Amino acid sequence: MSIFSKIQYINAQIVDTERLLEMVKDHPLMSIGLIEKIEMLRRELEEIPSISYEPVIEFLFSGNAVSGSEGIKSTFVSKIISPIQGLVKTQLALKKYGKTGSRGRAKKKANNDLYLTALPTGSFGIELTKIDYDENDLYDEIETSEAMKDVIEMIKNTAESDESFQSLIESTPKRNLSYLKKFLQEISNEKSILKMDSGELHVELTNDQVDAAAKRVSSAVEDEDELFLKGIFRGLLLDSNRFEILDEASNSISGTISSDLDEESLIEYDRLFLNKECLIHLKTYKIKYTTGNEKTEYELLEIRDIK
């Protein structure tokens, strides 16, 4: 249960107990017990930390996606879990190895799977938790929690305004826009609200806000595709997560490196292919900005020998 949910639950208990106390205030024994319970609940509130780094994220839905507080469509869950997983994984990679340049740990393969650990109600939703941790990485749990909160903020900014979404487009890996598009469109299709919790962070979006967010992402990400091209690998920068190649017409192409590539693979690419002709596997994103300008963004997926 998130900090927000715990506070809401305890406050509701306090209100209910105070009402009961008002009803039996003339009864000496009952009133004493109720006063003690209220004091105990208030102590519990004071003991709740202001920040939590528990790597748990919760989503609640409504509309056609759920049946009251009884259940949620399995087909809907199967469609939204993959983009949620992708968003958290990409943000976690940025936390660990991204733009800060403080690469104190090697970028390596890790188990970033999230587990479905609960089905919270009110109306109905899902809880996803990271259970497996890297025992050699003291920051893994904290960074996963921060990545989950980043994902909630990202969804909130997408729904907030054109200006906040424009800022998001410029700062986030384009793969995140693809995940956002899939996630928000599924919720919009079901005419659902969206409530999100992780640690102390709580965000609620109305059905109209979800629709607006889905339309913003869909209009920005006009097309995405994958391609293989022959070119010369000019190198990569691990700290900034960037690569550069020259295509067969000597045009320079640069972009981001997929979070799926570990540091060992990247070092091997550098050793085998630097300044050599090779086959380069890219993902392309055609992005349309609010100014009307369009730009193709590239993500490096793999480098191979030319056969």
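Residues numbered from 1 in each chain as written. Predicted model: local features only at pLDDT ≥ 70, side-chain atom pairs only at ≥ 80, totals over all residues. Heavy atoms only, no water.

## Some thoughts on the sheet that holds strand 5 (residues 124-129)
Two pairing modes exist for strands in a sheet, parallel and antiparallel, and in both the strands are linked by backbone hydrogen bonds. Spatially, the 5 strands line up as an open sheet ordered 4-5-1-6-7, and their pairing is antiparallel. Only two strands of the sheet have a single partner each, and these edge strands are strand 4 (115-118) and strand 7 (201-205). Each strand of the sheet is rotated relative to its neighbour by a mean of 20 degrees, with strand direction disregarded. In the sheet, strand 6 (residues 194-198) pairs with strand 7 via 5 bridges, with the strands oriented antiparallel. Counterpart to serine 198 in the pairing with strand 7 is leucine 201. (Pairing = 2+ DSSP bridges. Helix = DSSP H or I, 4+ residues; strand = E, 2+ residues; numbered from the N terminus. Axes fitted to C-alpha atoms, helices over the stretch in contact; angles between N-to-C directions.)

## Thoughts on the packing of aromatic side chains
Within a pair of aromatic rings, the relevant descriptors are the distance that separates the centres and the angle that separates the planes. As enumerated under the stated definition, the model contains 4 aromatic pairs in all. Look at phenylalanine 59 and phenylalanine 183: their rings are 5.6 Å apart centre to centre, the planes differ by 65 degrees, and that puts the pair in the edge-to-face class. Here the residue phenylalanine 59 occupies a position in strand 1 (residues 56-61), and phenylalanine 183 occupies one in helix 6 (residues 174-189), the gap between them amounting to 124 residues. Neither residue differs from the other here; phenylalanine 59 and phenylalanine 183 are each classed as buried. Plain terms: the ring middles of phenylalanine 61 and phenylalanine 76 are 5.0 Å apart, the flat faces sit at 85 degrees to each other, and that makes the pair edge-to-face. Placement of phenylalanine 61 in strand 1 and of phenylalanine 76 in helix 3 (residues 74-97) is noted, with a sequence separation of 15 residues between them. For phenylalanine 61, a relative accessible area of 0% gives the class buried. (Phe/Tyr/Trp six-rings, centres within 6.5 Å; stacked < 30°, edge-to-face > 60°. Buried < 20%, exposed > 50% of the residue type's maximum accessible area, 1.4 Å probe, protein only.)

## Quick look at a negative patch on the surface
A contiguous patch of negative charge, built from Glu222, Asp223, Asp225 and Glu226, is present on the exposed surface. Turning to its location among the elements, glutamate 222 is positioned in strand 8 (residues 221-237). On the basis of relative accessibility, which here comes to 35%, the residue glutamate 222 falls in the partly exposed class. (Patch = residues over 30% accessible without salt bridge, like charges linked within 9 Å, V, L, I, M, F, W, Y side chains within 5 Å. Areas by Shrake-Rupley, 256 points an atom, 1.4 Å probe, with all protein chains shown as cover. Salt bridge = Lys/Arg side-chain N within 4 Å of Asp/Glu carboxyl O. Lys, Arg positive; Asp, Glu negative; His and termini not counted. Charge placed at Lys NZ, Arg CZ, Asp CG, Glu CD.)

## So, unusual backbone geometry
One can expect most non-glycine residues to show negative phi and most peptide bonds to be in trans. You will see that serine 250, though not glycine, has its phi angle at about 65 degrees, which is positive. Looking at the secondary structure, you find serine 250 in the loop between strand 9 (242-247) and strand 10 (252-257). A positive phi is found at asparagine 275, a non-glycine position, where the angle reads about 60 degrees. Structurally, asparagine 275 is set in the loop between helix 8 (263-273) and strand 11 (277-288).

## Focus: empty space enclosed by the protein
Inspection of the entire model under this criterion finds 1 cavity of 30 Å³ or more. Lining of the largest cavity is provided by Val88, Lys89, Leu92, Asn112, Leu114, Lys130 and Thr144. Top element by residues in the lining of the largest cavity is helix 3. It accounts for 3 residues. (1 Å grid on protein atoms, 1.4 Å probe; cavity = no way out; pocket = protein on both sides within 12 Å on 5 of 7 lines; lining within 4 Å. Points joined across faces, edges and corners; volume = space filled by probe spheres on them.)

## Brief notes about the packing of helix 4 (residues 140-160) against helix 6
In the contact formed by helix 4 and helix 6, the axes pass within 12 Å of each other and the chain directions differ by 75 degrees. Here helix 4 is positioned roughly perpendicular relative to helix 6, judged by the angle of their axes. On the side of helix 4, the interface is formed by Met154, Ile155 and Thr158, while helix 6 contributes Asn176, Leu180, Phe183 and Leu184. Taken together, the residues of the contact of helix 4 with helix 6 break down into 5 nonpolar, 2 polar and no charged. (Parallel < 35°, antiparallel > 145°, perpendicular 65-115°, else oblique. Contact = heavy atoms within 4.5 Å. Nonpolar A, V, L, I, M, F, W, Y, C, P; charged D, E, K, R; others polar.)

## Regarding the pairing of strand 12 (residues 294-304)
Pairing analysis gives 2 bridges linking strand 10 to strand 12, with the strands arranged parallel. Bridged to isoleucine 257 within strand 12 is leucine 300. Across 10 bridges, the pairing between strand 11 and strand 12 is antiparallel. Looking at strand 12, one finds that leucine 282 is bridged to leucine 300.

## Considering the packing of helix 4 against helix 7 (residues 207-220)
Packing of helix 4 against helix 7 leaves a shortest axis separation of 7 Å and a crossing angle of 90 degrees. By the criterion of interaxial angle, the relationship of helix 4 to helix 7 is roughly perpendicular. The segment helix 4 lies against helix 7, with Thr158, Ala159 and Glu160 engaging Gln209, Ala213, Arg216 and Val217. Class assignment for the residues of the contact of helix 4 with helix 7 results in 3 nonpolar, 2 polar and 2 charged.

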